[in-house]
Amino acid sequence: MDKPVMSAEEIASQLRKPDGEDGIRVGAAMNKSNAVLYNMMLSFLGIKAGDRLLEIGFGNGYFIPALFEKENAIQYTGLDMSETMVAEAARVNENRISEGSVKLHLGRTEEMPFSEGAFTKVFAANVLYFWDEPAVALKAIHRVLDTGGELVLAIRSRETMQPMPFSAHGFTLYSAEEARSLLEANGFRVSEVQTALEDARPSADGSMTVQFENICLRGIKI
């Protein structure tokens, strides 16, 4: 018997915090739907040898190996609030976890357990929408960044996300300027904003054609 199609509200809930078998399926779908945005963010990050990286919202960990392909001499820490995704990412990245170059944690951005100045770069793709209290989340990120450290956020623009039915359920959408203003109001100097249109493609359910505008912002801790 076929599994019932998820409603827009159910999809939104799974995108925020994937859970169970549906969460695993949504996580796998995100690997494909986020590939262009994630690759844009990877280039934008400018990873250097010795970087201590924190990724917020790493999903099923599919993209973690790509970071090490950019630069192997890094330390990666991941934080995600989904038990399902932490378990999936731990399975996918078992070897690097065993050797100590990857550490995964379950938790929320606002309550992250890391010490002050622990990271040179913090980054997140398609996570900003889900911070109910973005000022609190950004304060926590500011604390764990080293002096002059960078926060890189990758999002899709309000204009190109709004047509997606799930975005009406628990998403806070931003334009590039709104995201810039948010960072600048919370302890960051925005040194660079990059935007790019993806190729048009059918939505996951085939009901419409979508063309996302991807945005990457670099905030320097001040």
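Quick notes on the rules
- Residues numbered from 1 in each chain as written.
- Predicted model: local features only at pLDDT ≥ 70, side-chain atom pairs only at ≥ 80, totals over all residues.
- Heavy atoms only, no water.
- Salt bridge = Lys/Arg side-chain N within 4 Å of Asp/Glu carboxyl O.
- Helix = DSSP H or I, 4+ residues; strand = E, 2+ residues; numbered from the N terminus.
- Buried < 20%, exposed > 50% of the residue type's maximum accessible area, 1.4 Å probe, protein only.
- Pairing = 2+ DSSP bridges.
- Axes fitted to C-alpha atoms, helices over the stretch in contact; angles between N-to-C directions.
- Contact = heavy atoms within 4.5 Å.
- Parallel < 35°, antiparallel > 145°, perpendicular 65-115°, else oblique.
- Left-handed = near helix turned anticlockwise from the far one by under 90°.
- Nonpolar A, V, L, I, M, F, W, Y, C, P; charged D, E, K, R; others polar.
- Phe/Tyr/Trp six-rings, centres within 6.5 Å; stacked < 30°, edge-to-face > 60°.
- Lys NZ or Arg CZ within 6 Å of the ring centre and 35° of its normal.
- Arc of directions from axis to C-beta.

1. Examining the pattern of salt bridges
Argument step 1. Under the definition given, this model contains 15 salt bridges.
Argument step 2. Note that Asp-132 is salt-bridged to Arg-16, the shortest N-O span being 3.4 Å. In this pair, Asp-132 sits in the loop between strand S4 (119–125) and helix H7 (134–144) while Arg-16 sits in helix H1 (residues 8–16), placing the two residues 116 residues apart along the sequence.
Argument step 3. We classify Arg-16 as partly exposed; its relative accessible area is 26%.
Argument step 4. Overlapping salt bridges bring together Arg-108, Glu-110 and Glu-111 as one network.

2. Some points on the sheet that holds S4
Argument step 1. Across the sheet, which stays open at both edges, the 7 strands sit in the order S3-S2-S1-S4-S5-S9-S6 with mixed pairing between neighbours. Whereas interior strands pair on both sides, the edge strands pair on one side only; in this sheet they are strand S3 (102–106) and strand S6 (188–197). The mean inter-strand angle of the sheet, taken between neighbouring strand axes irrespective of direction, is 15°.
Argument step 2. Looking at chain direction, strand S2 (residues 75–80) and S3 are connected through 5 bridges and run parallel. Each bridged residue has a counterpart across the sheet, and for Leu-79 the counterpart in S3 is His-105.
Argument step 3. Strands strand S1 (52–56), S4, strand S5 (145–156), S6 and strand S9 (213–221) of the sheet are contacted by helix H3 (residues 35–45), whose axis makes an angle of about 30° with S9.
Argument step 4. Lying on the sheet, helix H9 (residues 176–184) is in contact with S5, S6 and S9; it crosses S6 at an angle near 160°.

3. Side note on H7
Argument step 1. Buried within H7 we find Pro-134, Ala-137, Leu-138, Ala-140, Ile-141, His-142 and Val-144.
Argument step 2. Lining the buried residues of H7 we find S1, S4, S5, H9, S6 and S9.

4. Section: the pairing of S5
Argument step 1. Of all the 12 residues making up S5, 9 are buried; the element is thus mostly covered by neighbouring parts of the structure.
Argument step 2. Here 6 bridges tie S4 to S5, and the two strands are oriented parallel to one another. When the bridges of S5 are listed, Phe-123 appears paired with Val-152.
Argument step 3. Two elements, S5 and S9, share 7 bridges in a ladder whose sense is antiparallel. Bridged to Ala-154 within S9 is Cys-216.

5. Structural notes on the packing of helix H2 (residues 20–33) against helix H5 (residues 83–92)
Argument step 1. The geometry of H2 relative to H5 is characterised by a closest axis approach of 9 Å and an angle of 60° between their N-to-C directions. It follows from the interaxial angle that H2 and H5 lie oblique. In the packing of H2 onto H5, the handedness of the crossing is right-handed. In this structure, H2 uses Gly-20, Gly-23, Ile-24 and Gly-27 to contact H5, whose residues at the interface are Thr-84, Met-85 and Glu-88.
Argument step 2. In terms of residue class, the contact of H2 with H5 is built from 2 nonpolar, 4 polar and 1 charged.

6. Remarks on unusual backbone geometry
Argument step 1. Unusually for a residue other than glycine, Asn-126 sits at a positive phi of about 55°.
Argument step 2. Under the relative-accessibility criterion, Asn-126 is labelled buried at 12%.

7. Brief notes about the packing of aromatic side chains
Argument step 1. Considering all chains together, one arrives at 7 aromatic pairs under this definition.
Argument step 2. Between the aromatic rings of Phe-130 and Phe-171, the centroid separation amounts to 4.7 Å while the plane-to-plane angle is 65°, which identifies the pairing as edge-to-face. Remark: Phe-171 occurs in the loop between helix H8 (158–161) and H9 and Phe-130 occurs in the loop between S4 and H7; sequence separation between them is 41 residues. Both residues of the pair, Phe-130 and Phe-171, belong to the buried class.
Argument step 3. Within the aromatic cluster, the residues linked to one another by ring pairs are Tyr-129, Phe-130, Phe-166 and Phe-171.
Argument step 4. Taking NZ or CZ as reference, Arg-96 lies 4.0 Å from the ring centre of Phe-68, over its face.
Argument step 5. Its end group placed over the ring of Phe-44, Arg-218 keeps NZ or CZ at 4.2 Å from the ring centre.

8. Details of H1
Argument step 1. Residues of H1 that are buried include every one of Ala-12, Gln-14 and Leu-15, and no others. Buried positions in H1, seen along its axis, are confined to an arc of 165° and lie on one side of it.
Argument step 2. In this fold, the buried residues of H1 make contact with H2.

On their own, these measurements won't tell you what the molecule is for.
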